[in-house]
Amino acid sequence: FYLALSKEGFSILAKKELSPCCKTAMFSAFIRGAGAIAVKNGLAGFEYVTESEKAGDYFSRAIKNLYGEEPVKNGYADKLSGKTKYCYYFVNNVSFSVLKDAGVLSSDEGGIKVNLNIDKYVIENDCCKKAYVAGAFLGSGSATVPDKDKFNNTGYHLEFVFSKKQTADDFCEVLSFAGFMAKLIKRKESYVVYFKNAEEISDVLAYIGAVKSCLRVKEIMVEKDLINDTNRKVNCEMGNIGKQIEASLKQVKSVEIIKETIGLQSLPDAVRKTAEARCENPGATLLELADILKVTKSCLNHRLRKINEIADNLK
């Protein structure tokens, strides 16, 4: 399953895991994301397009089991993306009933109308809410995670796209019932409900049943944190090395100033020995230099500060 072993995208792999029980709720969300209303010979129906043949076939079988009719399937190569997409067309004597049961269409004495809000009866139970979120992910959802091998600038992102704001607002409420606080933005003519926090994304994937994808996100989080921690330590060590080199160069320069002016013999014996040791070992760390002189690091620091002070006064 793992992303490194497959040529398929992360979203496709996550979608393959889903099989919620509440088919009506799941289909209702799916058709809002991947579908469109279709009318032929006075009959109202729908069609839906998806890159996931498994998801498309799943709903096709569900519709046949519940209503006795099956959508017409047609696969084609999308010229823009270069990917194979699958179109399912369903307009007949029962297609209106399918959309009505899914809460997408309704009818009264005024005629047929499209319901932009999510039908509360479709998501009445907790399991139906979970199925609705899963259906939305199958229909118009996508998830991206950092590349395991490269850990480039790609961040964590999970989104659900809707054509109407009412639907997007209602979907945010559905998510809030499960404890997920999503963000909503308008992107061109669409409304996008999204998450960017890795922990939230993994929890949402677990909630809709994409357990392996959830674990994959957590695995990437751990690996990325380890790499970041290692980089921080390396940067810290490099910074310390840079400071040590800068301090050593200043100390050597101070010794040279003293040597060229009053001479090292004018220094107290202990300070003179420290000055000579520093010139002989310019690349040594404080610990290494203290070991050479057989003194403590604190004592060595005191002597080196004294050398710098003398040189500064001589300037």
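Keep in mind it's a predicted model, so treat the numbers as computed, not measured.

A. Region of interest: the packing of aromatic side chains. Taken as a whole and assessed by the stated rule, the structure comprises 14 aromatic pairs. Judged by centre distance (5.3 Å) and plane angle (85 degrees), the ring pair of Y58 and F59 falls under edge-to-face. Exposure class is identical for Y58 and F59. Each is buried. Put simply, the rings of F27, F30, F46, Y48, Y58, F59, Y88 and F90 pair up and form one aromatic cluster.

B. Region of interest: the nonpolar core. F46, F160 and F171 are the most contacted members of the largest nonpolar core, which totals 61 residues. Counting residues per element, this core draws most heavily on helix α5 (residues 126-140), which supplies 8 residues. If we skip the residues at most four places from it in the chain, F160 touches V133, A136, F137, S140, G141, F171, Y191, V192, V193, F195 and V204. Core analysis: the next-biggest nonpolar cluster, separate from the first, contains 16 residues, L264, L267, V271 and A311 among them.

C. Region of interest: the environment of I185. Here I185 is to be found in strand β9 (residues 183-187). Of the residues examined, I185 reaches a relative accessible area of 37% and is grouped as partly exposed. When the C-alpha positions of I185 and K165 are compared, they lie 9.5 Å apart, and in sequence the two are 20 residues distant. Beyond its immediate stretch of four places on either side in the chain, I185 contacts S190, Y191, V192 and Y194.

D. The pattern of salt bridges, seen in detail. The tally for this structure, following the rule as stated, stands at 12 salt bridges. Note that D169 is salt-bridged to K165, the shortest N-O span being 2.9 Å. Remark: K165 and D169 occur in helix α6 (residues 165-177); sequence separation between them is 4 residues, near one turn of the helix. A relative accessible area of 39% places K165 in the partly exposed class. In this structure, R216 engages E219 in a salt bridge whose closest nitrogen and oxygen atoms are separated by 3.2 Å.

E. Structural view of the sheet that holds strand β1 (residues 35-40). The antiparallel open sheet is built from 4 strands, whose spatial order is β1-β2-β4-β3. At either end of the open sheet lies a strand with only one pairing partner, and these are β1 and β3 (72-77). Across the sheet, the axes of successive neighbouring strands diverge by a mean angle of 25 degrees, strand direction being ignored. Two strands pair when backbone bridges link them, and strand β2 (residues 43-50) and strand β4 (residues 84-90) are joined in this way by 5 bridges, in the antiparallel orientation. Bridge pairing in β4 places F46 opposite F90.

Definitions and cut-offs
Residues numbered from 1 in each chain as written. Predicted model: local features only at pLDDT ≥ 70, side-chain atom pairs only at ≥ 80, totals over all residues. Heavy atoms only, no water. Phe/Tyr/Trp six-rings, centres within 6.5 Å; stacked < 30°, edge-to-face > 60°. Buried < 20%, exposed > 50% of the residue type's maximum accessible area, 1.4 Å probe, protein only. Core = buried A, V, L, I, M, F, W, Y, C linked by side-chain atoms within 4.5 Å. Helix = DSSP H or I, 4+ residues; strand = E, 2+ residues; numbered from the N terminus. Contact = heavy atoms within 4.5 Å. Salt bridge = Lys/Arg side-chain N within 4 Å of Asp/Glu carboxyl O. Pairing = 2+ DSSP bridges. Axes fitted to C-alpha atoms, helices over the stretch in contact; angles between N-to-C directions.

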